[in-house]
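So the chains spell out like this:
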Amino acid sequence: MLIRKKPARPHALGEPMLHEDHPLPVTRRQLLSAGLISAPAVVMAPAWLGALLRSGTANAANPTLSPDIAALLSQGQCNVPTQATGVPFICFDLAGGANLVGSEVLVGVQGGQSNFLSTAGFGKLGVPGNQVPGANSAFVDSSLGLLWHSDGAIKRGIMTKATTAATAAGTNGAVFCAMSQNDTQNNPHNPMYGIAKAGAQGLLLTLTGTQSSVSGGNSQAPMALIDPALQPTTISQPSDATALVDTGGATADPVAVAVLESQTRISGGSTPYVAGDTSTITGALTAPSGSTPGVSIYTDPTTDTQLKNQVRCAYVKSANTAAVFGNPAALDPTQDPLIIGGTSPIFTASDFQDGDIRKTATVMKLVLDGYAGAGTISLGGYDYHDSTRATGEMRNFKAGQMIGAVLEYAQRKQTPVMIYVFSDGSLSSTGMPDNSVDGRGKYGWQGDNSSVSSTFFLAYSPKGRPTLRNGTAGQQIGYFTADGSVVGTSSPVANSVNSLVQAVILNYMGLMGTDAQFPTLMQSLGISQGLGSAASLASLTAFNAIV
């Protein structure tokens, strides 16, 4: 009996990806990877913060807080930030195992990106012989600082949005040659908690994300970095961002601030907090009710006052939000002429029909405007090994557009940003060209292959292109074999995703000029850092400070 196999065909943007060699998607992660669902945006913050911020009415009159409540904002009390800190950070989590190198960011053997792979090595990474860099320099593009294949779909997507010449001129990047597991959220790729510990802090929130998961994204965060005080709050559209400071009431309402201040005093008083001194927390948290003694949550007075002060601080932060944030539209990307509706917008009104664009615009505005310290944007449908090339090209191109939008918005706002791009595993080629219009004559993708996976980051500075610490060789951390596989011993991060996350945190601190404090930070978190000596740390840090 003759059994005919259906010929390969490209899948359109948004069309689900189902493979015979994969189980039917059941979990939310599997559904996202297959492109059957999109990822709603999430804001990482204490759960009570989301609820209480919604209770405050934004106030255009900018009433000041009463002195006793204002005193509780300071460091050592409620630690309410008065300005954003750190370099804004956004990571893109491409669910499913995308191709990020070879056909995209160039990787080489030992010595750096320009020590090119063999023709066979590039072929494994999807590049046909007539498009191999090296023999023909026309296929090498350095417009973003980091070397890229000139026809890389992500790069082409970036350049459609990063249209201002100063955007590319102020951008540079580095690539990590690092293996990770295929098609699984168990890769602890997400560095968000570590980025927060390294100094990223927004005025309203610490972290933003695009899934209601512990990490805020598709891939997990390293267990040792997770801070249970940061809980996800869902954001799936611009109106969710404005709701952080608005309940639909009047925009000028000093009474709202006064009411919230009264709630603070009733709840826990306004005496400055002293650890272990139970007399500094008063009000409903400690007051007796009839014959019932005052509340004692823990017998240890230090732990008891800490928790009670945390509850009181929720009211303090809510009052401060109502007093400081006078216009909810300031958080709305649809009201920002740099993003939509201006003379040269990044997105059009019709673009906003796309959920990926809505959440990208919302998260990038929160982070780059300083309302959040860092964010994850998860994009689904990157398990695209359907034997064509067209499917992967279209999806990588779209990811590039989202990355380019962030870079362009950073340039327009004149603020630095670090963008980290990763995926769960990767894939290898069929060795057969897809000559369709969207396939562009490149090799199709046939199956998962963790040995070719890598990640990369881009950094933008309004002061000009970030400068390299270790020369161009330092832009590639680790290296490949000539035939296109990661060398597992080429760097401390090459075969350890946990160490890879540490290297991302180290490079984030490098951009802030605080990388010398990296060992101390890891020690304070109870983590045995796996990146090695001071000399090793220096070799793993790509750029000089940009702030």
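For the structure, see preceding data.
Given the structure is predicted, the values throughout are model-derived calculations rather than measurements.

Chemist: Help me understand the overall build of the protein, please; the structure alone is not making it clear to me.
Modeler: If you tally the helices and strands in the protein, you get 15 helices and 13 strands. When the 547 residues of the protein are sorted by exposure, 56% land in the buried category. Once local pairs closer than 6 in sequence are excluded, the contacts in the protein between residues at least 24 apart make up 78%. Surface exposure of the protein reaches about 20,300 Å², of which carbon and sulfur atoms provide 54%.

Chemist: Got a minute to help me understand the state of the cysteines in this structure?
Modeler: Here is the idea: a disulfide is a covalent bond, and it sits between the sulfur atoms of two cysteines. Taken as a whole and judged by the stated rule, the model has one disulfide. The disulfide partner of cysteine 78 is cysteine 313, and the S-S distance across this bridge is 2.0 Å. On the sign convention where negative is left-handed, the bridge of cysteine 78 and cysteine 313, at about -85° about the S-S bond, is left-handed. Within this pair, whereas cysteine 78 is found in the loop between helix 3 (67-70) and strand 2 (89-94), its partner cysteine 313 is found in helix 10 (residues 301-324), the two being separated by 235 residues in sequence. As far as burial versus exposure is concerned, cysteine 78 and cysteine 313 are alike and both buried.

Chemist: Whenever I open this one, the pairing of strand 12 (residues 455-460) confuses me. Can you help?
Modeler: Sheet faces and side chains relate simply in a regular strand, where the side chains alternate between the two faces. Within strand 12, six of the six residues are buried, which leaves the element mostly enclosed by the surrounding structure. Residue alternation in strand 12 divides its side chains into two sets, Thr455, Phe457 and Ala459 and Phe456, Leu458 and Tyr460, and both sets are buried. In this sheet, strand 12 lies alongside strand 5 (residues 171-176) in antiparallel orientation, the contact comprising six bridges. Bridge pairing in strand 12 links glycine 173 to leucine 458. Bridge analysis of strand 9 (residues 417-423) against strand 12 gives five bridges, and the strand direction is antiparallel. If you follow methionine 418 over to strand 12, its bridge partner there is alanine 459.

Chemist: Even after reading the chapter, I still don't get the packing of helix 11 (residues 355-368) against helix 12 (residues 390-413), so can you show me in this structure?
Modeler: Each pair of packed helices can be summarised by the angle the axes make with each other and by the distance between the axes. Where helix 11 contacts helix 12, the axes come no closer than 10 Å and their chain directions differ by 30°. As judged from the angle between their axes, helix 11 and helix 12 are roughly parallel. Helix 12 is crossed by helix 11, and the crossing has right-handed handedness. Taking contact as the criterion, the partners of Asp356, Ile357, Thr360, Met364, Lys365 and Leu368 in helix 11 are, on helix 12, Lys398, Met402, Ala405, Val406, Tyr409 and Ala410.

Chemist: What exactly am I supposed to notice about the environment of asparagine 79 here?
Modeler: Position of asparagine 79 relative to the elements: it lies in the loop between helix 3 and strand 2. Setting aside chain neighbours within four positions, we find asparagine 79 in contact with Leu73 and Ser74.

Chemist: When you look at the environment of glycine 269 in this model, what are you seeing that I'm missing?
Modeler: Along the chain, glycine 269 falls in the loop between helix 9 (254-268) and helix 10. With a relative accessible area of 6%, glycine 269 lands in the buried category.

Chemist: Just checking my understanding: could you explain the nonpolar core for this structure?
Modeler: In a soluble, globular protein the nonpolar side chains are often hidden away together inside. In terms of nonpolar packing, the biggest core is built from 71 residues, with Phe92, Phe347 and Met364 touching the most fellow members. Going through the elements one at a time, strand 2, strand 4 (146-149), helix 5 (153-161), helix 11, strand 8 (372-379), helix 12, strand 9 and strand 12 are the ones with two or more residues in this core. The element best represented in this core is helix 12, accounting for eight residues. Discounting residues that sit within four places of it in the chain, methionine 364 has contacts with Ile90, Ile339, Ile346, Phe347, Asp369, Ala405, Val406 and Tyr409. Core analysis: the second largest hydrophobic core is formed by 44 residues, Ala178, Ala221, Leu230 and Ile546 among them.

Conventions used here
Residues numbered from 1 in each chain as written. Predicted model: local features only at pLDDT ≥ 70, side-chain atom pairs only at ≥ 80, totals over all residues. Heavy atoms only, no water. Helix = DSSP H or I, 4+ residues; strand = E, 2+ residues; numbered from the N terminus. Buried < 20%, exposed > 50% of the residue type's maximum accessible area, 1.4 Å probe, protein only. Contact = heavy atoms within 4.5 Å. Areas by Shrake-Rupley, 256 points an atom, 1.4 Å probe, with all protein chains shown as cover. Disulfide = S-S within 2.5 Å. Pairing = 2+ DSSP bridges. Axes fitted to C-alpha atoms, helices over the stretch in contact; angles between N-to-C directions. Parallel < 35°, antiparallel > 145°, perpendicular 65-115°, else oblique. Left-handed = near helix turned anticlockwise from the far one by under 90°. Core = buried A, V, L, I, M, F, W, Y, C linked by side-chain atoms within 4.5 Å.

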